[in-house]
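# Chain and residue survey
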Amino acid sequence: MSTSSIDTKAFRSLSCGVYIVSAKNGTTMAGCIINTLLQVTSSPARVTIAINKENYTTGVILESGRFEASVLAKSASMELIGRFGFQTSADTDKFADTAHEFDDAGTPYVSENTVAHFGARVIDKVDVGSHFVIVGEVEFASVLSNEEPMTYAYYHLVKGGKTPPKASSFISSESDAEPSANAQPEQPQEDAPRIGWRCKICGYIVKTEELPDDFKCPMCGMGRDMFERIEL
Ligand SMILES: Cc1cc2nc3c(=O)[nH]c(=O)nc-3n(C[C@H](O)[C@H](O)[C@H](O)COP(=O)(O)O)c2cc1C
């Protein structure tokens, strides 16, 4: 009988970039962060993306048959990444406060803090379990700035970013992945604080009266200034 051993740290040595993939179907616009865009052929130019079936953006891509992908620059703020990577287009208009343009097929792409964009037509889809791998034929591409592209390693090491559960690279056993680091333990109902703090970026709630000045959101890495006081 064969045995297998998987050291999840090995996956961290895989190199990739950070992108915002976006789509529009009728009047509905959606977009999310991915780190799984790959160029797979050059003639014709084709790319793949691995995108979670539960992401709102996935449905909009499949319904419209098109997607755009913008390459994030190192200068992209954690607020931009938080908006597209930790919130859902199902209840948030992510483009309202985000500079964007439309390609010739009418698909929106993020144009702030981005290096280049690719507009693609969906030509195939592979079901890989939690995610679809979507194959796109590139029909539009242009350079947007001469900034340096952000790598996934830079996002983690320099920006201090976290990996949300729907990302392809999420590993539930790693402390990085679970909102437990600074979380308060569950308390009996009668003792539970009635005041809490909600992260405006990812919605994470901390049940406590006061947040320390150096508090960082265990889910998306935002600082204390991105938390709002709420009544529980
Ligand atoms: C750094 C980073 C990388 C991510 N990579 C992926 C990915 O490759 N595929 C994916 O489906 N989701 C990925 N996500 C998660 C989605 O961006 C996230 O689930 C988003 O809230 C979905 O938004 P939507 O519901 O508007 O589509 C990533 C998020 C971050 C912050």
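Refer to the structure presented above.
Residues numbered from 1 in each chain as written. Predicted model: local features only at pLDDT ≥ 70, side-chain atom pairs only at ≥ 80, totals over all residues. Heavy atoms only, no water.

## Regarding the sheet that holds strand β3 (residues 38-42)
Adjacent strands of a sheet form backbone hydrogen bonds with each other and so pair up, either parallel or antiparallel. Spatially, 7 strands are ordered β2-β1-β5-β8-β9-β4-β3 in an open sheet, and the strand pairing comes out antiparallel. In this open sheet, the two strands that pair with only one neighbour each are β2 (28-34) and β3. Averaged over all neighbouring strand pairs, the angle between strand axes comes to 30 degrees, with direction disregarded. With 7 bridges connecting them, strand β1 (residues 19-25) and β2 associate as antiparallel partners. Each bridged residue has a counterpart across the sheet, and for Asn25 the counterpart in β2 is Thr28. (Pairing = 2+ DSSP bridges. Helix = DSSP H or I, 4+ residues; strand = E, 2+ residues; numbered from the N terminus. Axes fitted to C-alpha atoms, helices over the stretch in contact; angles between N-to-C directions.)

## Things to note about the pairing of β1
Most of β1 sits out of view: 5 of its 7 residues are buried. Linking β1 to β2, which pair antiparallel, is a turn of 2 residues; within it Gly26 sits at a positive phi near 65 degrees. Where β1 meets strand β5 (residues 66-72), 4 bridges bridge the pair, whose relative direction is antiparallel. Across the sheet, Val21 pairs through a bridge with Ala69, a residue of β5. (Buried < 20%, exposed > 50% of the residue type's maximum accessible area, 1.4 Å probe, protein only.)

## Topic: helix α2 (residues 78-86)
For α2, a buried count of 7 out of 9 residues is recorded, marking the element as mostly surrounded by other parts of the structure. Taken together, the buried positions of α2 are Met78, Leu80, Ile81, Gly82, Arg83, Phe84 and Phe86. Among the structural elements, β1, β2, β5, β7 (108-110) and α3 (152-157) are those in contact with the buried residues of α2. (Contact = heavy atoms within 4.5 Å.)

## A word on the site of the ligand
In the neighbourhood of the ligand, 26 residues make up the surrounding shell, with Asn52, Thr57, Gln87, Thr88 and Ser89 lying closest. One of the side-chain N or O atoms of Thr36 is found 2.8 Å from an oxygen atom in the ligand. Protein burial of the ligand: of its 650 Å² of free accessible surface, 98% is covered by the chains. Judged by the fraction of its atoms near the pocket grid, the ligand is located in the second largest pocket. Secondary-structure elements contributing two or more residues to the shell around the ligand are β2, β4 (45-52), α1 (56-64), α2 and α3. (Near = heavy atom within 4 Å. Polar contact = N/O pair within 3.5 Å; in protein donor to acceptor, adjacent residues only side chain to side chain. Areas by Shrake-Rupley, 256 points an atom, 1.4 Å probe, with all protein chains shown as cover. 1 Å grid on protein atoms, 1.4 Å probe; cavity = no way out; pocket = protein on both sides within 12 Å on 5 of 7 lines; lining within 4 Å. Sits in = over half its atoms within 2 Å of the grid points.)

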